[in-house]
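A closer look at the structure
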Amino acid sequence: MNALTRAERALVESTEPSVTFTLNGREVSAQPGENLLKVAQREGFDVPHLCYKDGLDPAGNCRACMVEIQGERVLAPSCCRYPAQGMTVQTDSERARRAQRTVLELLQSDMPEAEYTRHNELDEWSARLDVGKPRFAPRERVAADLSHPAIAVNLDACIQCTRCLRACRDEQVNDVIGLAQRGDAARIVFDMDDPMGASTCVACGECVQACPTGALMPARDAALAVPDRQVKSVCPYCGVGCQLTYNVKDNRILYVEGRDGPANHERCV
Ligand code: SF4
Ligand code: SF4
Ligand code: FES
C-alpha cells in the first residue's frame, strides 16, 4: 500500500469496501484506507505514535505504535497496518504495552536535559503511559547547529522519526533534509551534511511544524516563550491564501504556525 502514490491510493481506497473487525474487544468498522492507528484514535483508544503524523505518508520507523494481532507471531506497527475483515487486535494487551513503553523508554534515554519545546510528544506519551526514568545509557551528545537565522537545530533531541524529512520532501518538495548513515550512527542532515544555514533551505518552517521533540524549532528559544496572544491571519506572500497563526508576545511575533485553511491544511506555506 505504501508503494502507491497518493492519487493511486485514493483510487484504490475509493473502490474498497469498509471492513469490520474486533478492536480491544469492541466490534468496529474501518473506512477504506484507515489504518489500525486511525481506527483506534477514532474509537478513543490511546496508542502512542511518534513517526506517524496526519498528512504525511506513514514511515513505520519508530515502533511506538505496536499492537497485537491475534494469530500473528510478532507485533505490528498500527500506523502502517490496515485492518482485514474479522481481524482481532489488542492495542493495550500486556505484550503491546510492554513494547510501546520500551520504545518510549529507549528514546527517552537519549533525550537531553534541555527542553526545546513546550509540546514534546515523546514526553507527553511517556507521561501518559507511565514510563519512568530510563534505565539505558544515553548516546553521545550532539552539538547544536545555530547557523540558520530562523531555525534552531538541536539534534540531541532528534529521534530520527523522519517527519521533518517527509515534510520537506513530500509536502514542500524542497528535499533539503536527508537521513545519513545507518544504525545508531543514523542522523538527520541538510543537503550534503551542510550547516542548516548554509543549505538550500528556504525557511518555510514545515519541518519545524512536523518535529515531535523540539529538535527543530524556531530560533532563539522562541517556542519556549508563552505567547500572550494569537492572531489569525493570511500569508501575504503570494495569492494562494495560506492561513496562519501569529504567536505574539509583547507585540512581537515569536513564531508562526500554519492553520487548517482550505489552501494549506496546516502547512506553513
Ligand atoms: S524549513 Fe522548509 S525548506 Fe527548510 S529544511 Fe525545513 S521544510 Fe525544508
Ligand atoms: S529532527 Fe525532529 S522531525 Fe526530524 S527526524 Fe529528528 S525528531 Fe524527527
Ligand atoms: S508511529 Fe507507527 S511506527 Fe512510528
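Read on for a plain summary of the structure. From a predicted model like this one, the values you see are computed outputs, not experimental measurements.

1. Quick notes on the site of ligand 2
Near ligand 2 there are 13 residues, and of these Cys158, Cys161, Thr162, Cys164 and Cys211 occur at the shortest range. For the shell around ligand 2, a count of residues per class yields nine nonpolar, three polar and one charged.

2. So, helix α4 (residues 121–128)
Within the span of α4, buried status applies to Leu122, Trp125 and Ser126. Down the axis of α4, the buried set is contained in an arc of 100 degrees. They therefore lie on one face. With respect to the buried face of α4, the exposed residues turned more than 90 degrees away are Ala127 and Arg128. Taken together, the buried residues of α4 touch α3 (94–109). Near the N-terminus of α4, the side chain that reaches the backbone nitrogen of Leu122, with its oxygen 2.9 Å away, is that of Asn120. Two residues or fewer after α4 comes Asp130, characterised by a positive phi angle close to 60 degrees.

3. What to know about the site of ligand 1
Residues in close proximity to ligand 1 include Ile151, Cys168, Asn174, Ile177, Met196, Cys201, Val202, Ala203, Cys204, Gly205, Glu206 and Cys207, which together make up its full environment. Its residues assigned to classes, the shell around ligand 1 comprises nine nonpolar, two polar and one charged.

Parameters at a glance
- Residues numbered from 1 in each chain as written.
- Chains lettered and ligands numbered in written order.
- Predicted model: local features only at pLDDT ≥ 70, side-chain atom pairs only at ≥ 80, totals over all residues.
- Heavy atoms only, no water.
- Near = heavy atom within 4 Å.
- Nonpolar A, V, L, I, M, F, W, Y, C, P; charged D, E, K, R; others polar.
- Buried < 20%, exposed > 50% of the residue type's maximum accessible area, 1.4 Å probe, protein only.
- Helix = DSSP H or I, 4+ residues; strand = E, 2+ residues; numbered from the N terminus.
- Arc of directions from axis to C-beta.
- Contact = heavy atoms within 4.5 Å.
- Polar contact = N/O pair within 3.5 Å; in protein donor to acceptor, adjacent residues only side chain to side chain.

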